[in-house]
Structure formats: structure tokens, C-alpha cells
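The residues making up each chain are set out below.
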Amino acid sequence: MILKGKTILIMGIRNKWSIAYGVAKSAYHQGAKLIFTFMGEENREKIEELISEFGNAKAYACDASKDEELVVLFSTIKKEYGKIDGILHSIAHANTEDLRNDFINTSKEGFAHANDVSAYSLVAVARIARDLTVLNENASLVALTYYGSTKVLAGYNVMGVAKAALECSIRYLADNLGPMGIRVNAISAGPIKTLSAKGIKDFNTILDVIEEKAPLRRNVTTSEVGDSVAFLLSNMASAITGQIIYADNGYNIMGI
Ligand SMILES: NC(=O)c1ccc[n+]([C@@H]2O[C@H](COP(=O)([O-])OP(=O)(O)OC[C@H]3O[C@@H](n4cnc5c(N)ncnc54)[C@H](O)[C@@H]3O)[C@@H](O)[C@H]2O)c1
């Protein structure tokens, strides 16, 4: 029970295929008390049913690209829970046309949108949580990233640029929050068939290549990624900050 006594905010659950759901299962199993955010008040009923297995966890609708909604969220959390011990940022979005066309055709609006939702939102989450003094000393922030931040993968396009910005933001945030004892890391997960992944052209081909080439010769599951995130959220990872840790069955080490 490496998360016993900790309260963790899980941002970005959509359905039972979401990586955030895998993280919630692992964190709950490890003893954490959970709080959730989701996108779109109209999804409340579905989300509440989905999270009913996690004790009496509450869910709050929050668009993470809107700082004013983050202020309301963290003010509410502070009032209802006091301080929390960790945050999972499991949020990304790019316009479909920017994942279908060549990267060179990315519009200024599409480029800004992908970076705003997928990278800047982590900076805003960290700053607003710090400013409203919601984070305990030893709190741990964890985001999710992907190999497409450093290598070219057909169809990942502007999301690769956003993940590069997210990973660099993790290093700067780790430096800013380190003196308060707060850690910031990311898990770079291997590809998983989620609703977001469906937007990526040729995603099934990527899955096939991993099965063939990754040292462990298989794709990762959301529960494996969940376990890796739970480790980073726990005190077992107390000396780890500013890192991008791959949970991808080793695929990233391969040349060809
Ligand atoms: N699926 C993969 O292959 C894979 C691999 C590595 C990393 N990731 C990353 O994992 C994270 C979770 O994605 P997933 O694959 O579980 O898909 P998902 O679709 O289940 O989760 C994405 C979440 O982002 C939320 N979201 C989008 N815009 C938002 C906004 N403005 N405010 C708040 N929430 C918003 C969606 O509502 C959804 O809950 C993402 O950061 C994704 O890039 C996914």
C-alpha cells in the first residue's frame, strides 16, 4: 500500500480505456483516496458511474485549458479536502485535421490549441495548485507523454511538438517546485488503444511494430502504466524529479 494516507487528484478520465482509469485502479489499490476531474458537465452521470468503484470519490468537471476553471477547482478541493499529495495530468488534445494531414500544414490555431491543452495546462495546474497552497510538502505531480516527442512518427504530428513542450515544462517545473519538496515527472507510455489514440492515423501499425520489435515483444496495458504512475506518486520515488521515465516495454532503446 505505497499510497496509503495520500489524496490524489486524477485529471483526465474519460472511460474505462483511459490511461487515467488504469492509474486510478492502481492508486486506489495502493491505498490512495481519489478525486477526479473530467471534461464536460454533460458527462457527469457516465463518469460518476465509472468511478463508483473507487470508494466515495467525487468528480469535478474542469476544462484544464481555462485558468479560471482551475482556480475554482483548486479552491473547492482546498475547502473540501484540505491539502492533497499528488496530481495525475492525463490530458491532451489536437484537432483531427492536424493528425490527418502532413505536419507542415498545421495551422497556427491548431498548433496553439494542441500546445495549450496538452502542455500549458500542466504549467497552469502546477502554478494554481501552488498559489492556492493545495499541495502538501512531498507532493508529486505526474504527467503522461509519448515517444513522439523526440522521434518522428507518422500521424503524431503537432502532438509530438506538444509532448516535447510538456517534457521540457516538466524539467522547469521540477526546478521551480523542488525547493518546496514537490516533485514533477512524466511517464512516457507505450501506445495504447484509447479514444484519444483513435485520432492518430495508422495507430494499429504502431501497435504491430511494438509487438514485433520491443524487447518484451508486447504492448503495454493501462494497468502497467498505472503502476508506474503510482510509484512516481509514492514516497518510494522521493529522489526522482524532472524525469521522463519510459513504460513502453523497452521499445525506446531500439535502433532499428
Ligand atoms: N494512448 C496512448 O497511446 C498514449 C501514449 C502515451 C501517452 N498518452 C497520453 O496519455 C494521456 C491520456 O490519454 P488517453 O490515451 O488515456 O486518452 P483519453 O481520451 O482516455 O484521455 C484524454 C483525456 O483528455 C481530456 N481532455 C481533453 N481536452 C481537455 C481539456 N481542455 N481539459 C480537460 N481535459 C481534457 C479528455 O476529456 C480525456 O479525458 C494523454 O496525455 C495522452 O497524450 C497516451
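Preceding this section is the structure that the text describes.
Presented here is an overview of the structure given in this document. (Residues numbered from 1 in each chain as written. Predicted model: local features only at pLDDT ≥ 70, side-chain atom pairs only at ≥ 80, totals over all residues. Heavy atoms only, no water.)

Next up on the list: the overall build of the protein chain. Looking only at helices and strands, the protein chain features eight helices and seven strands. A globule of 256 residues ought to have a C-alpha radius of gyration of about 18 Å, and the protein chain, at 17 Å, matches this closely. Each of the three principal axes of the protein chain carries a C-alpha extent, and together these read 50 × 40 × 40 Å. Among the 256 residues that make up the protein chain, the fraction classed as buried is 52%. (Helix = DSSP H or I, 4+ residues; strand = E, 2+ residues; numbered from the N terminus. Rg over C-alpha atoms; globule rule 2.2 N^0.38 Å. Buried < 20%, exposed > 50% of the residue type's maximum accessible area, 1.4 Å probe, protein only.)

The next thing to look at is the packing of helix α3 (residues 67-81) against helix α5 (residues 108-131). The contact between α3 and α5 brings their axes to 10 Å, and the two run at 40°. Relative to α5, α3 is oriented oblique. For the element pair α3 and α5, the recorded crossing hand is right-handed. When α3 is examined against α5, the residues Asp67, Leu70, Val71 and Phe74 are found in contact with a partner set consisting of Tyr120, Ala124, Val125, Arg127, Ile128 and Ala129. (Axes fitted to C-alpha atoms, helices over the stretch in contact; angles between N-to-C directions. Parallel < 35°, antiparallel > 145°, perpendicular 65-115°, else oblique. Left-handed = near helix turned anticlockwise from the far one by under 90°. Contact = heavy atoms within 4.5 Å.)

We now examine the site of the ligand. Surrounding the ligand, one finds 27 residues, the nearest of these being Ser18, Lys163, Ile192, Thr194 and Ser196. Arg14 is positioned with one of its side-chain polar atoms (N or O) 2.9 Å from an oxygen atom of the ligand. Between Ser196 and the ligand, the recorded distance is 2.6 Å, taken from a side-chain N or O atom to an oxygen atom. In isolation the ligand has 820 Å² of accessible area, and contact with the protein removes 94% of it. For the shell around the ligand, the class distribution of residues is 15 nonpolar, nine polar and three charged. (Near = heavy atom within 4 Å. Polar contact = N/O pair within 3.5 Å; in protein donor to acceptor, adjacent residues only side chain to side chain. Areas by Shrake-Rupley, 256 points an atom, 1.4 Å probe, with all protein chains shown as cover. Nonpolar A, V, L, I, M, F, W, Y, C, P; charged D, E, K, R; others polar.)

Glancing now at the packing of aromatic side chains. Taken as a whole, this structure holds six aromatic pairs when the rule is applied. Taking 5.5 Å as the distance between ring centres and 75° as the angle between the ring planes, the aromatic pair formed by Tyr28 and Phe54 counts as edge-to-face. On the criterion of sequence distance, the pair formed by Tyr28 in helix α1 (residues 19-29) and Phe54 in the loop between α2 (44-50) and β3 (58-61) is long-range, its members being 26 residues apart. Residue classification places Phe54 among the buried residues on the basis of a relative accessible area of 3%. For the pair Tyr147 and Tyr251, a centre-to-centre distance of 5.6 Å together with 80° between the ring planes defines the contact as edge-to-face. Taken together, the residues span a long stretch of sequence, with Tyr147 in the loop between β5 (135-145) and α6 (158-177) and Tyr251 in the segment after β7 (244-247) at a distance of 104 residues. Looking at Tyr147, the relative accessible area reads 14%, which means it is buried. Taken together, the ring pairs connect Tyr21, Tyr28, Phe36 and Phe54 into an aromatic cluster. (Phe/Tyr/Trp six-rings, centres within 6.5 Å; stacked < 30°, edge-to-face > 60°.)

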